Amino acid sequence: MRTDRTFTMLKPDSVEKGNIGPILEKITSAGFKIAALKLTQMTKADAEAFYAVHKARPFFGELVEYMTRGPIVAAVLEKENAVEDFRTLIGATNPAEAAEGTIRKLYAASIGENAVHGSDSDENAEIESQFHFAGREIF
Ligand code: CMP
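Each value, and the rule that gives it
Residues numbered from 1 in each chain as written. Predicted model: local features only at pLDDT ≥ 70, side-chain atom pairs only at ≥ 80, totals over all residues. Heavy atoms only, no water. Helix = DSSP H or I, 4+ residues; strand = E, 2+ residues; numbered from the N terminus. Rg over C-alpha atoms; globule rule 2.2 N^0.38 Å. Near = heavy atom within 4 Å. Polar contact = N/O pair within 3.5 Å; in protein donor to acceptor, adjacent residues only side chain to side chain. Areas by Shrake-Rupley, 256 points an atom, 1.4 Å probe, with all protein chains shown as cover. Nonpolar A, V, L, I, M, F, W, Y, C, P; charged D, E, K, R; others polar. Buried < 20%, exposed > 50% of the residue type's maximum accessible area, 1.4 Å probe, protein only. Arc of directions from axis to C-beta. Contact = heavy atoms within 4.5 Å. Pairing = 2+ DSSP bridges. Axes fitted to C-alpha atoms, helices over the stretch in contact; angles between N-to-C directions. Core = buried A, V, L, I, M, F, W, Y, C linked by side-chain atoms within 4.5 Å.

## Focus: the overall build of the protein chain
Line of reasoning, step 1. In terms of regular secondary structure, the protein chain is built from 7 helices and 4 strands.
Line of reasoning, step 2. Going residue by residue from the N terminus, the α and β elements of the protein chain occur as β-α-α-β-α-α-β-α-α-β-α.
Line of reasoning, step 3. In terms of overall size, the protein chain behaves like a compact globule, its C-alpha atoms giving a radius of gyration of 14 Å where 139 residues would be expected to give roughly 14 Å.
Line of reasoning, step 4. Taking the principal axes of the C-alpha coordinates as reference, the protein chain spans close to 35 × 35 × 25 Å.

## Considering the site of the ligand
Line of reasoning, step 1. Around the ligand sit Lys11, Tyr51, His54, Phe59, Glu62, Leu63, Arg104, Ile111, Gly112, Asn114 and His117, and that is every residue in its neighbourhood.
Line of reasoning, step 2. Histidine 117 places a side-chain nitrogen or oxygen 3.4 Å from an oxygen atom of the ligand.
Line of reasoning, step 3. Considered on its own, the ligand offers 460 Å² of accessible surface; in the complex 79% of this is hidden by protein.
Line of reasoning, step 4. When the residues that make up the shell around the ligand are grouped by side-chain class, the tally is 4 nonpolar, 4 polar and 3 charged.

## A look at helix H2 (residues 20-29)
Line of reasoning, step 1. For H2, the full list of buried residues reads Ile23, Leu24 and Ile27. Down the axis of H2, the buried side of the element spans an arc of 100 degrees, and every buried residue falls inside it.
Line of reasoning, step 2. One or two positions beyond H2, positive phi appears at glycine 31, with a value near 100 degrees.

## Overview of the side chain of serine 14
Line of reasoning, step 1. Note that serine 14 resides in helix H1 (residues 12-16).
Line of reasoning, step 2. Judged by its relative accessible area of 1%, serine 14 falls in the buried class.
Line of reasoning, step 3. A polar atom in the side chain of serine 14 sits 2.8 Å from the backbone oxygen of alanine 115.

## Concerning the environment of isoleucine 20
Line of reasoning, step 1. As for its placement among the helices and strands, isoleucine 20 is situated in helix H2.
Line of reasoning, step 2. We classify isoleucine 20 as partly exposed; its relative accessible area is 26%.
Line of reasoning, step 3. Residues isoleucine 20 and leucine 39, 19 residues apart in the sequence, show an inter-C-alpha distance of 10.0 Å.
Line of reasoning, step 4. Apart from the residues within four sequence positions on either side, isoleucine 20 is in contact with Leu10, Ser14, Val15, Leu39 and Val73.

## Points about the sheet that holds strand S4 (residues 116-118)
Line of reasoning, step 1. Taking strand neighbours across the sheet as the criterion, the 4 strands line up as S2-S3-S1-S4 in an open arrangement whose pairing is antiparallel. Every interior strand has two partners, whereas the edge strands, strand S2 (33-40) and S4, have only one. Here the strands of the sheet are splayed against their neighbours by 15 degrees on average, with no regard to which way each runs.
Line of reasoning, step 2. Here 6 bridges tie strand S1 (residues 5-10) to strand S3 (residues 72-78), and the two strands are oriented antiparallel to one another. What sits directly across from threonine 6, in S3, is leucine 77.

## Quick notes on the nonpolar core
Line of reasoning, step 1. Ranked by internal contacts, the top residues of the largest apolar core, which has 17 residues, are Phe7, Met9, Tyr51 and Met67.
Line of reasoning, step 2. At the level of secondary structure, the elements contributing two or more residues to this core comprise S1, S2, helix H3 (44-50), helix H4 (60-68) and S3.
Line of reasoning, step 3. Those residues in contact with phenylalanine 7 that lie beyond four places of it in its chain are Phe50, Ala74, Ala75, Val76, His117, Gly118, Ser119, Ala125, Glu128, Ser129, His132 and Phe133.
Line of reasoning, step 4. If you look at the next biggest cluster of nonpolar residues, it comprises 15 residues, including Leu24, Ala82, Leu89 and Val116.

If you want it as structure tokens, here you go:
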């Protein structure tokens, strides 16, 4: 299992607010190399499958609605200790609790609309990367 890759999505709120450039700049400035990148839109079925682990949560319907309402930027990022370092860079799920300077502190509006996704394990990084990208799209 690789430990130098993670998967991210700049969520619909980030795209709507014109924050693709600033967020990608934060990511690359932090030492992450972009191994795959695309603008895409998830279908309802995509979002339900991607977030299947949250199916029983009260916010599931809201989450699927949010994640499908417009395009996202999907990316595979490469750096030593990628999963943990990226989660540090994005900050806590709830932007109100996120550390100063983190992406969610800077760009997220709420716990629901929290600007970015970051994989929570090396295994999920691999699964999520394959969910969004064909092998030939990852460099
Ligand atoms: P993330 O951690 O990337 O993946 C699960 C998402 O569910 C999370 O970001 C939020 O977008 C959303 N989420 C988590 N907790 C809540 C909550 N309490 N209310 C609404 N949405 C939530």
